[in-house]
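Examining the three-dimensional arrangement
So the chains spell out like this:
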Amino acid sequence: MNHPIDSNQIKVWDPLVRTFHWSLVIFFVIAFITEDDWLYLHSFSGYAISGLLLFRLCWGLIGTRYARFSNFVTTPSTVGLYLKSMLRGRPQHYQGHNPAGGMMIVVMLLALLLTAFSGMATLASEGLGPLADTFFASFSGDWMEEIHEALANLCLLLVAIHLAGVIVSSVVHRENLIKAMIDGRKRPQQEKPL
């Protein structure tokens, strides 16, 4: 059954952003739950995450309007002003990512990149993976594995903060951001600088 499209909504998240987002969710969950038991599946998920991150970095430069970093990466002072306006209960609505969401994306991308890289370095210390024939192979697997695990736990914490932010933003702005990341549509509102 086809559901009518609300004429008061506009397309914000393109199919590539949405596919990236949900694929990242799936592969992160797989990587996290297979960390000690299934090395092959864990490694495959890590490589998939690495590929997704490389795609997102490129799409952040050349992608559609709301996918571009230039649309949502702001200064720390802009993020601070936005968070203060949230606390006052009068935050500005952004068609794409708000400043706090933009900052979270950058932090999560960096944390995931470091996690994936440290995982490959851990494998290299065991003579495995794409970094096996590099100087990373001489690293001690134990301490590199601990760094990898700490970064994975940091990513899990960031995911929890991200989910809390999505819930708070959905309530404050009276829009379903999870649905928007599924169908790509949000209600339009006039954007004003903070």
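It should be noted that the structure appears before, not after, this text.
1. Side note on the overall build of the chain
For the chain, the helix and strand inventory stands at seven helices and two strands. Going residue by residue from the N terminus, the α and β elements of the chain occur as β-α-α-α-α-α-α-α-β. For the chain, the spread of C-alpha atoms along the principal axes amounts to about 55 × 45 × 30 Å. The 194 residues of the chain split such that 40% are buried.

2. Things to note about the pattern of salt bridges
Inspection of the entire model under this criterion finds two salt bridges. The partner of Lys186 in a salt bridge is Glu175, and the shortest N-O contact between them spans 3.6 Å. With Lys186 in strand 2 (residues 185–186) and Glu175 in the loop between helix 6 (141–173) and helix 7 (177–183), this residue pair connects regions lying 11 residues apart in the sequence.

3. A word on the nonpolar core
One recurring pattern in soluble globular proteins is that nonpolar side chains are buried together. Core analysis: the biggest nonpolar cluster contains 17 residues, and Leu24, Ile49, Leu109 and Leu112 have the highest contact counts within it. At the level of secondary structure, the elements contributing two or more residues to this core comprise helix 1 (15–33), helix 2 (39–62), helix 3 (69–72), helix 5 (99–125) and helix 6. Ranked by residue count, the leading element in this core is helix 5, at six residues. Look past the residues within four positions of Leu24 in its chain and what remains in contact with it is Ile49, Leu52 and Leu112.

4. A word on helix 4 (residues 76–87)
End to end, helix 4 covers 17 Å across 12 residues, agreeing with the expected 16 Å (1.5 Å per residue, within 8%). Taken together, the buried positions of helix 4 are occupied by Val79, Tyr82, Ser85 and Met86. The buried side chains of helix 4 occupy one side of the element, clustering within an arc of 125 degrees when seen end-on. The outward face of helix 4, more than 90 degrees from its buried face, is lined by the exposed residues Pro76, Ser77, Lys84 and Leu87. Where helix 4 ends, the next residue or the one after it, Gly89, has phi of about 80 degrees, a positive value.

5. Description of unusual backbone geometry
Not every positive phi belongs to a glycine, and Arg174 is a case in point at roughly 55 degrees. The topology assignment puts Arg174 in the loop between helix 6 and helix 7. By relative accessible area, which is 73% here, Arg174 ends up exposed.

6. Quick notes on the packing of aromatic side chains
Counted by the stated rule, this structure contains six aromatic pairs. Look at Phe20 and Phe55: their rings are 6.4 Å apart centre to centre, the planes differ by 45 degrees, and that puts the pair in the tilted class. Residue Phe20 is found in helix 1, and its partner Phe55 is found in helix 2; the two are separated by 35 residues along the sequence. Centre to centre, the rings of Phe55 and Trp59 are 6.0 Å apart; their planes meet at 20 degrees, and the pair counts as stacked. Of this pair, Phe55 and Trp59 are both found in helix 2, four residues apart, which corresponds to roughly one turn of the helix. What makes Phe55 partly exposed here is its relative accessible area of 28%. Counting every residue linked through ring pairs, the aromatic cluster contains Phe20, Phe55 and Trp59.

7. What to know about the packing of helix 4 against helix 5
Where helix 4 contacts helix 5, the axes come no closer than 8 Å and their chain directions differ by 130 degrees. As judged from the angle between their axes, helix 4 and helix 5 are oblique. Note on element contacts: helix 5 touches helix 4 through Pro99, Ala100 and Met103, opposite Thr78, Val79, Tyr82 and Leu83. Looking at the contact of helix 4 with helix 5 residue by residue, the class counts come to six nonpolar, one polar and no charged.

8. Remarks on helix 5
Spanning 27 residues, helix 5 covers 39 Å between terminal C-alpha atoms, matching the ideal 39 Å at 1.5 Å per step. Counting buried residues along helix 5, 19 of its 27 residues qualify, which places the element largely inside the surrounding structure. Where helix 5 begins, one side-chain oxygen reaches toward the backbone nitrogen of Ala100, 3.0 Å away; that side chain belongs to Asn98. Just beyond helix 5, the residue with positive phi is Gly127, at close to 80 degrees.

Cut-offs used in this document
- Residues numbered from 1 in each chain as written.
- Predicted model: local features only at pLDDT ≥ 70, side-chain atom pairs only at ≥ 80, totals over all residues.
- Heavy atoms only, no water.
- Helix = DSSP H or I, 4+ residues; strand = E, 2+ residues; numbered from the N terminus.
- Buried < 20%, exposed > 50% of the residue type's maximum accessible area, 1.4 Å probe, protein only.
- Salt bridge = Lys/Arg side-chain N within 4 Å of Asp/Glu carboxyl O.
- Core = buried A, V, L, I, M, F, W, Y, C linked by side-chain atoms within 4.5 Å.
- Contact = heavy atoms within 4.5 Å.
- Expected span 1.5 Å × (residues − 1).
- Arc of directions from axis to C-beta.
- Phe/Tyr/Trp six-rings, centres within 6.5 Å; stacked < 30°, edge-to-face > 60°.
- Axes fitted to C-alpha atoms, helices over the stretch in contact; angles between N-to-C directions.
- Parallel < 35°, antiparallel > 145°, perpendicular 65-115°, else oblique.
- Nonpolar A, V, L, I, M, F, W, Y, C, P; charged D, E, K, R; others polar.
- Polar contact = N/O pair within 3.5 Å; in protein donor to acceptor, adjacent residues only side chain to side chain.

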